[in-house]
Amino acid sequence: MPELPEVETIKLGLQKKIIGLKITKIQILSPKSFQNEKGQPFDYAQGLRGRKVLKVWRRAKILGMDLTRVILSETKDIYSSPSAQNDKGVTLLFHLKMSGQLIYDDGKRFIGGHPTTDMLGKLPNSHTRVIFEFSDNSKLYFNDQRRFGWIKVVKPGEGIPITLGPEPLEKEFTWQILKKNLLKHKNMPVKVAILDQSVVAGVGNIYASEACFNAKLDPRTKVNQLTDKDMKILHRGVLKALRDGIKYGGATRAHFVDSEGKKGYFLDYAKVYWKNGKPCPRDGTEIKKITLGGRGTYLCPNCQS
DNA sequence: CACTTGACCTGTCCGC
DNA sequence: TGCGGACAGGTCAAGT
């Protein structure tokens with residue numbers, strides 16, 4: 001799914017809702033979806049009961065949730081956890097991959113009929129993998145049709161299990177850094193190269209096509225053909241694509257919904273992604289779909305050269 | 001080494 | 001209507 005703007009949208013939604021709430025129960029319907037730091041099923045979910053949500057954050061496409069140190073009197077069974085000694089709190093990492101959703105229900109969400117939530121129907125549903133219950137009886141559902149996504153329980157500050165480059169919305173992401181990282185892949189088409197999370201963290205297939213369009217660059221252009229000017233324009237193009245994505249609440253093709261279950265509208269505003277056959281918004285030429293690095297790629301054959 | 005393909009899963013859509 | 005194949009937002013491992 002979810003690329004950076006979609007995860008950012010979920011983060012902003014959850015920050016308003018679950019900070020300070022205490023977890024009372026976790027139901028794991030799909031053990032594969034709830035893992036320890038080694039990627040094996042995490043068997044001690046009961047040890048998370050009694051913890052409060054301290055912080056919700058995002059790095060690239062990963063959502064993090066820092067939980068308090070356990071309150072011993074409430075959760076004796078934490079001692080069955082290998083990390084029980086010297087408990088400094090716990091962090092949950094969420095990766096939604098292709099089809100994951102995180103939907104918060106505090107009873108106000110109108111399940112099953114809201115114009116923007118019709119697609120969800122009732123929760124839990126057959127794609128619900130994990131359910132968090134909070135002390136105010138609200139719930140957080142982790143749904144994931146394809147089960148590529150995961151929740152990992154790690155120690156606070158423990159490394160994210162993905163090699164990540166600069167965070168594009170932070171100051172560290174300059175055009176010079178982008179150039180340096182892209183040059184790791186001199187002969188790769190530029191669109192494929194910016195999908196590498198160590199080049200720039202958080203760009204996925206939708207925003208990679210959009211970024212190339214914004215920069216008026218043919219996505220097939222090899223990295224070593226790019227001039228410094230191209231690098232600067234591409235840097236701006238990446239930022240514009242991501243910021244527009246956040247502005248429109250993310251992109252929904254099939255699965256993405258925000259933490260209230262609402263779809264994102266970025267695809268209505270996307271310039272090329274999923275627009276094959278439609279006119280280019282710049283010059284009216286028909287948008288083409290091609291395959292690059294095995295992924296669908298969209299471009300205007302006229303103004304992206 | 002650089003790059004591509006396959007695997008992980010489930011669902012949908014399209015052509016025969 | 002049914003069936004096979006292609007394809008779908010991500011990422012890592014294995015293969016070329």
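Just so we're clear, the structure is a prediction, and the values are computed from it rather than from any experiment.

J.: How should I be thinking about the pattern of salt bridges in this particular structure?
T.: Note that side chains of opposite charge can pair when their charged atoms are close. Applying the stated rule across the entire model yields 9 salt bridges. A salt bridge links Glu-8 to Arg-58, with the nearest nitrogen and oxygen atoms 2.6 Å apart. Of the two residues, Glu-8 is situated in helix 1 (residues 4-18) and Arg-58 in strand 3 (residues 53-59); the sequence distance between them amounts to 50 residues. Relative accessible area serves as the criterion here: at 10%, Glu-8 is assigned to the buried category. One salt bridge connects Arg-220 with Asp-218, and the closest N-O pair in it is separated by 2.9 Å. Members of the salt-bridge network, linked through shared partners, are Glu-8, Lys-11, Arg-58, Arg-59 and Glu-167.

J.: What should I look at first to understand the sheet that holds strand 3 in this one?
T.: In a beta sheet, neighbouring strands are held together by backbone hydrogen bonds and run either parallel or antiparallel to one another. The mixed open sheet is built from 5 strands, whose spatial order is 2-9-5-4-3. If you trace the sheet from one side to the other, it starts and ends with strand 2 (34-35) and strand 3, each paired once. Strand direction decides the pairing type here: strand 4 (residues 62-67) and strand 5 (residues 90-95), joined by 6 bridges, are antiparallel. By the bridge assignment for strand 5, Leu-67 is matched with Val-90.

J.: Help me understand the packing of aromatic side chains in this model?
T.: The relative placement of two aromatic rings is captured by the distance of their centres and the angle of their planes. Evaluation of the coordinates by the stated rule reveals 10 aromatic pairs. With a centroid separation of 4.9 Å and 65 degrees between ring planes, the pair formed by Tyr-273 and Tyr-298 is classed as edge-to-face. Taken together, the residues Tyr-273 in the loop between helix 6 (266-269) and strand 10 (288-292) and Tyr-298 in strand 11 (residues 295-299) connect sequence positions 25 residues apart. Judged on exposure class, the residue Tyr-273 and its partner Tyr-298 are both buried. An aromatic cluster of at least three residues, connected via ring pairs, comprises Phe-34, Phe-42, Tyr-44, Phe-94 and Phe-132. Here Arg-282 stacks its cationic end above the ring of Phe-213, 3.8 Å away from the centre of that ring.

What counts and what doesn't
- Residues numbered from 1 in each chain as written.
- Chains lettered and ligands numbered in written order.
- Predicted model: local features only at pLDDT ≥ 70, side-chain atom pairs only at ≥ 80, totals over all residues.
- Heavy atoms only, no water.
- Salt bridge = Lys/Arg side-chain N within 4 Å of Asp/Glu carboxyl O.
- Helix = DSSP H or I, 4+ residues; strand = E, 2+ residues; numbered from the N terminus.
- Buried < 20%, exposed > 50% of the residue type's maximum accessible area, 1.4 Å probe, protein only.
- Pairing = 2+ DSSP bridges.
- Phe/Tyr/Trp six-rings, centres within 6.5 Å; stacked < 30°, edge-to-face > 60°.
- Lys NZ or Arg CZ within 6 Å of the ring centre and 35° of its normal.

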